[in-house]
Amino acid sequence: MGFGAANCLLLLQLIEKGILNEKKIGIIEPDKKNKNDRTFCFWSTEEELEKLNLKNLVSHSWNRIEIGGISEANIQPLNYWHVKGIDLYNKTREKLSEFNVTFIYSFLSKAEKIDSTTFELTTNENKILTHKVFDSRPPEYLKPEKNESHIFQSFFGWKISSADCCFDADKMVMMDFNVPQESYTQFVYVLPFDSKNALVELTRFGSEKISFEKANELLRDYLKPICADYKINEIEKGVIPMSSSKIKSEHF
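Residues take numbers from 1 onward in each chain, read along the sequence in its written order. For this predicted model, a pLDDT threshold of at least 70 governs which residues receive local features, and a threshold of 80 or more governs which side-chain atom pairs are given and counted, while totals over whole chains, interfaces and linings are taken from all residues. Side-chain measures here rest on the full set of heavy atoms in the structure, leaving out hydrogens and waters.

Participant: Would you take a moment to explain the layout of surface pockets for this structure?
Facilitator: Over the atoms rolls a probe the size of a water molecule, and its path tells where empty space is left. Looking at the largest pocket, its volume works out to about 1,500 Å³. Both cavities and pockets are sets of points on a 1 Å grid over the protein atoms alone; in a cavity a 1.4 Å probe fits but cannot get out, in a pocket the set is open with protein on both sides within 12 Å along at least five of seven lines, and lining residues sit with an atom within 4 Å of a point. What lines the largest pocket is a set of 49 residues, and nearest its centre among them are R38, F40, F155, V239 and I240. Looking at the lining of the largest pocket, the elements with two or more residues in it are α1 (5–16), β2 (39–45), β6 (78–84), β12 (150–162), β14 (185–192), β15 (197–206) and β16 (230–243). For the lining of the largest pocket, the element with the most residues is β16, which contributes 5 residues. The class makeup of the residues in the lining of the largest pocket is 29 nonpolar, 10 polar and 10 charged. Forming the walls of the second largest pocket are 24 residues, and the residues nearest its centre are K24, I25, G26, T130 and K132. We count a stretch as a helix when DSSP gives it H or I for four or more residues in a row; a strand needs E for two or more, and each element gets its number in order from the N terminus. Tallying contributions element by element places strand β1 (residues 24–28) first for the lining of the second largest pocket, with 5 residues. Among the residues making up the lining of the second largest pocket, the classes are represented as 15 nonpolar, 6 polar and 3 charged. Grid points are joined across faces, edges and corners, and a volume is the space filled by probe spheres set on the points. We call Asp, Glu, Lys and Arg charged. Ala, Val, Leu, Ile, Met, Phe, Trp, Tyr, Cys and Pro are nonpolar, and the rest, Gly among them, are polar.

Participant: Looking at this model, I keep getting lost on the packing of aromatic side chains. Mind explaining?
Facilitator: Any pair of aromatic rings gets described here by the distance separating the centres and the angle formed by the planes. Only centres within 6.5 Å qualify two rings of Phe, Tyr or Trp (six-membered ring in Trp) as a pair; their planes then separate them into stacked at under 30 degrees, edge-to-face at over 60, and tilted for everything else. The full count for this structure, using the stated rule, is 12 aromatic pairs. Consider the rings of F103 and Y105, whose centres lie 6.0 Å apart with planes at 15°: the pair is stacked. Judged by its relative accessible area of 40%, Y105 is partly exposed. Here the aromatic rings of W158 and Y230 are separated by 6.1 Å at their centres, their planes lie at 35°, and the arrangement is tilted. Of the two residues, W158 is situated in strand β12 and Y230 in strand β16; the sequence distance between them amounts to 72 residues. The structure contains a cluster of three or more aromatic residues connected by ring pairs, namely F3, F40, Y89, F103 and Y105. The lysine or arginine in question, R204, covers the ring of Y184, its NZ or CZ lying 3.7 Å from the ring centre. When the ring centre of F152 is taken as origin, the NZ or CZ atom of K209, which lies over that ring, is 5.0 Å away. Exposure classes here rest on a 1.4 Å probe applied to the protein chains alone. A residue is buried below 20% of its type maximum, exposed above 50%, and partly exposed in between. Criterion for a charge above a ring: Lys NZ or Arg CZ within 6 Å of the ring centre, and within 35 degrees of the ring normal.

Participant: Would you mind going over the sheet that holds strand β3 (residues 58–62) with me for this structure?
Facilitator: Picture the strands of a sheet paired through backbone hydrogen bonds; they go either parallel or antiparallel. Ordered by their spatial adjacency, 3 strands build an open sheet running β2-β6-β3, and the pairing between neighbours is antiparallel. Each edge of the open sheet is held by one strand with a lone partner, namely β2 and β3. Taking the axes of each pair of neighbouring strands and ignoring which way they run, one obtains an average angle of 30° across the sheet. Looking at chain direction, β3 and β6 are connected through 4 bridges and run antiparallel. Across the sheet, the residue bridging to S61 is W81, located in β6. Lying over the sheet, helix α3 (residues 85–96) contacts β2 and β6, oriented at roughly 70° with respect to β6. Here the rule is simple: two strands pair whenever DSSP picks up at least two bridges between them. To get an axis, a line is fitted to the C-alpha atoms, and for a helix only the part in contact is used. The angle between two axes follows their N-to-C directions and goes from 0 to 180 degrees. For this analysis, residues touch if any pair of their heavy atoms sits within 4.5 Å.

Participant: Help me understand α1 in this model?
Facilitator: The α-helix advances 3.6 residues per turn, and as a result positions three or four apart in sequence lie on the same side. One less than the residue count of a helix, multiplied by 1.5 Å, gives the span that helix is expected to have. Across its 12 residues, α1 extends 16 Å between first and last C-alpha, which sits within 8% of the 16 Å expected from 1.5 Å per residue. The secondary structure elements touched by the buried residues of α1 are β1 and α3. Positive backbone phi, at 75°, marks G18, one or two positions downstream of α1.

Participant: I keep staring at the nonpolar core and nothing clicks. Help me out?
Facilitator: As a rule of thumb, soluble globular proteins bury nonpolar side chains together. If you look at the biggest cluster of nonpolar residues, it comprises 20 residues, and the most contacted ones within it are F3, L11, L20, I27, L88, Y89 and L96. Mapped by element, the contributors of at least two residues to this core are α1, β1, β6 and α3. The element that contributes the greatest number of residues to this core is α1, accounting for 5 residues. Contacts of L88, omitting those with residues within four sequence positions, involve A5, C8, L9, L12, F40, L57 and V83. Definition used in this section: a nonpolar core is a set of buried Ala, Val, Leu, Ile, Met, Phe, Trp, Tyr and Cys residues joined via side-chain atoms within 4.5 Å.

Participant: Whenever I open this one, the state of the cysteines confuses me. Can you help?
Facilitator: Disulfides are covalent bonds that connect the sulfur atoms of two cysteines. Note on terminology: pairs of cysteine sulfur atoms within 2.5 Å are recorded as disulfides. Evaluation of the coordinates by the stated rule reveals 0 disulfides. No disulfide involves C41; its nearest neighbouring cysteine sulfur is the one of C8, lying 16 Å away. Residue C41 is classed as partly exposed on the basis of its relative accessible area, which comes to 25%. C166 supplies the cysteine sulfur nearest to C165, a cysteine that is in no disulfide, at a spacing of 7.5 Å.

In structure tokens form, the structure reads like this:
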């Protein structure tokens, strides 16, 4: 279920290992995933990237990082790899075209285990019976105990083009806390693609997700001393639940 990073990467590995041969596959995803809605970044060596068979999807990488505006370091043999969401979706769709796949553009409202080998999935339109389920949706957590907590990692980013040379293309900035904290933990990433183009992303850890209006305000203020004149080309956003409480799960 879902056609985000988790299931796309899973599908690519299942295809590579021949596990999907002669299988009937259904993908439940409300979004058609036909635009670049987010960025996927991760640390690894070049050898690990080759093993994942993702090298042709990388649009940029960095081996120098600046942390919080305080220290700078070379992280080789690691790199911080940048993959556009649309490139991952398109590659997975291309590979799936050789298999018996049905995309179901709907929301999943219910998933139940009927017996030891069968699951029943209920969407907005119908019910589906299947033998295996790979569920990439965020889990449902039990109510936190007194010594546990549940927060959100919410993020909001701008891909911008500047009229001036504002960025060092060989260096990424991570966890720059030089933004108002406002009773949360908030920081900015700057991923430059060249001296004039970058993804500038605000992240918040807290009990409340960051709003569109607040994220725009903080990003504007952060960029004032860096870039005087820029254009926003793309916007990306997302939320990742984070909890120390147990996951509510009977079957998955």
